[in-house]
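In case you want the letters, here they are:
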Amino acid sequence: MRYTLLLTFIIFMQTGGYTQDGKVFEAGAASSNITPKIGTSTNGYFQDNPITHIHDETYAKAIVLYDGETKLAIAVSDLCVIKRETAQNAKQRAHEITGIPMENMMLSATHTHSGGTSCPVFQSDPDPAYLTFIEERIADAIIRAHNNLQPARIGWDSGSEPDQVFCRRWNLKEPVTNPLGTKDMVAMNPGVDNPNKIDPTAPVDPELPVVVIQALTGEYIGLLANYSLHYVGGVPKGDVSADYFSLFANNMETLMGAQNQSVPFVGIMSNGTSGDINNIDFSGHFVQAKTPYVQMEYVANRLAAEAFRVVREIEYQDWVKLGSAQKDITLGIRKPTSAEVERAKDIIAKAEGPVMITREEVYARETMFMKDYPSEAPVLLQAFRIGDLAIGAIPCEPFAAIGLELKEKSAFEDMFTISLANGFHGYLPTPEQHALGGYETWRARTSHLEVNASTEIVATLLELIKSLK
Ligand SMILES: [Zn+2]
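Just so it is clear, the structure is predicted and the values come from calculations on it, not from any experiment.

Reading the values: rules and limits
- Residues numbered from 1 in each chain as written.
- Predicted model: local features only at pLDDT ≥ 70, side-chain atom pairs only at ≥ 80, totals over all residues.
- Heavy atoms only, no water.
- Helix = DSSP H or I, 4+ residues; strand = E, 2+ residues; numbered from the N terminus.
- Rg over C-alpha atoms; globule rule 2.2 N^0.38 Å.
- Buried < 20%, exposed > 50% of the residue type's maximum accessible area, 1.4 Å probe, protein only.
- Contact = heavy atoms within 4.5 Å.
- Polar contact = N/O pair within 3.5 Å; in protein donor to acceptor, adjacent residues only side chain to side chain.
- Pairing = 2+ DSSP bridges.
- Axes fitted to C-alpha atoms, helices over the stretch in contact; angles between N-to-C directions.
- Core = buried A, V, L, I, M, F, W, Y, C linked by side-chain atoms within 4.5 Å.
- Domains from an automatic or database assignment.

**Section: the overall build of the protein chain**
A count of helices and strands for the protein chain gives 10 helices and 23 strands. The C-alpha radius of gyration of the protein chain comes to 22 Å, within 12% of the 23 Å expected for a compact globule of 469 residues. Oriented by its inertia axes, the alpha-carbon framework of the protein chain measures out at about 85 × 45 × 45 Å. Within the span of the protein chain, comprising 469 residues, buried residues form 58% of the whole. Across the protein chain, every contact between residues at least 6 apart in sequence was considered, and the portion connecting residues at least 24 apart equals 80%.

Structure, rendered in structure tokens:
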């Protein structure tokens, strides 16, 4: 017994992973390349977009944290969306090798619109080989981050960048007819010169939370940021690009002096609640760069400058408590009526095909998929605790107002949401925004949850967060 104690004490002194009161805190990070091959599909548009060029590589990036008791893994992939099945398979594989419980893994997509297709979205369908590849590679990022665990400290704080987020939904003076044949009181991306537009429908969330993990050697292990911006775009057709998400990460690596480390630094930008937010100012005040890739560089530079200001002021903690909670809730699906199915059949019959070109045709095709959907679906919600910080995960594209409400009502003062996480159930407008209509509410595989879904999701997530206190 005495010998064991002595041995424990010696190990204790040597590993250095322990704080002064004997607690352990470790962190590791890694990235795996998930670039799709040329000739396969990218998603994010109404028609399929086959890959002809790879402008920059896409990655699955993971951070693993360990407080001596609990291990958490956060992995963010350069994909438009991640299917629940893909996330589950990746978690399963990572669990088998690391022992980290699957419910302690949060897997999300950045929402780049120029990554490999990982889920059927409008007329893009995934290459089955690519799905297997990303399942393995996302798991690999977690396994390697776990292999890289080393004594660490952690800190976080928030910055703000209000100039790069704009509500893309505008109220209209006169209603307009949408592709489903009903009326909208709002338009997405109305155009700067549209005389029918009044003002943006909802607030933006300019917050830029930044979590930094640093090895006790002084090297930075990784950084997790979160911003509520859909994506930037400006990518030529056929190109693969991780959009501003990876440019931001590269900038942070340079600013933090973390290049060429023995264990590479991993910078991550996760997507906040950006379902109704993009980078285009329809008031015409800010004009987006038109040259490919220039605007995303500008956005990445602006955000990196602000994030680095935050990094320099972060106060680190030697140990924080980790925790996780998750719950599946059942939500209804908006199914088409038989009259709507007949209308869709009619439109498709008249279409030239096989590719659906007009919005009416594209949504008629979606209606045919939605008629075969079940009337309910399980929706997985998840919350992590990292000390006094809570991170919520929603498998949708929630509107910014939803993220703001969660931040305001969270039992943890510091809280942010990672969207497009652990699955994909399309856009998540608030009930008020559903009533106004507009692109994000049009029934499709990319927008199908019941009108009150956000109310239930917010209530459940707040409960999960509270349970972690
Ligand atoms: Zn989207």
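**Some remarks on the side chain of S118**
The residue S118 is located in the loop between β7 (105–109) and α3 (128–147) in this model. Here V81 takes part through its backbone oxygen, which lies 2.4 Å from a polar atom of the side chain of S118. In this structure, S118 is in contact with N43, L79, V81, I82, K83, T86, P126, L131 and I134, ignoring residues within four places of it in sequence.

**Focus on the sheet that holds strand β10 (residues 169–177)**
The strand order across the open sheet built from 3 strands is β11-β10-β12, with neighbouring strands paired in antiparallel fashion. The open sheet terminates on both sides in strands that have one partner only, identified here as β11 (183–188) and β12 (197–200). The sheet shows a mean angle of 35 degrees between the axes of neighbouring strands, taken without regard to direction. Judged from the 2 bridges that link them, β10 and β12 form a sheet pairing that is antiparallel. Of the residues in β12, the one forming a bridge with W170 is P200.

**A closer look at the side chain of Q433**
Within the secondary structure, Q433 is located in helix α9 (residues 431–436). On the basis of relative accessible area, Q433 is assigned to the buried category, the value being 8%. Side chain to side chain, Q433 and T201 meet in a polar contact 3.4 Å long. In this view, Q433 contacts R169, T201, A202, F399 and T441; residues no more than four positions away in its chain are not counted.

**What to know about the nonpolar core**
L107, I142, Y363 and I457 are the most contacted members of the largest nonpolar core, which has 67 residues in total. When residues of this core are assigned to their parent elements, the largest contribution, 9 residues, is made by α3. Both domain 1 (17–167 + 200–322 + 383–425) and domain 2 (336–370) contribute no fewer than three residues apiece to this core. Grouped together as the second largest cluster of nonpolar side chains are 35 residues, Y231, Y244, A258 and I277 included.

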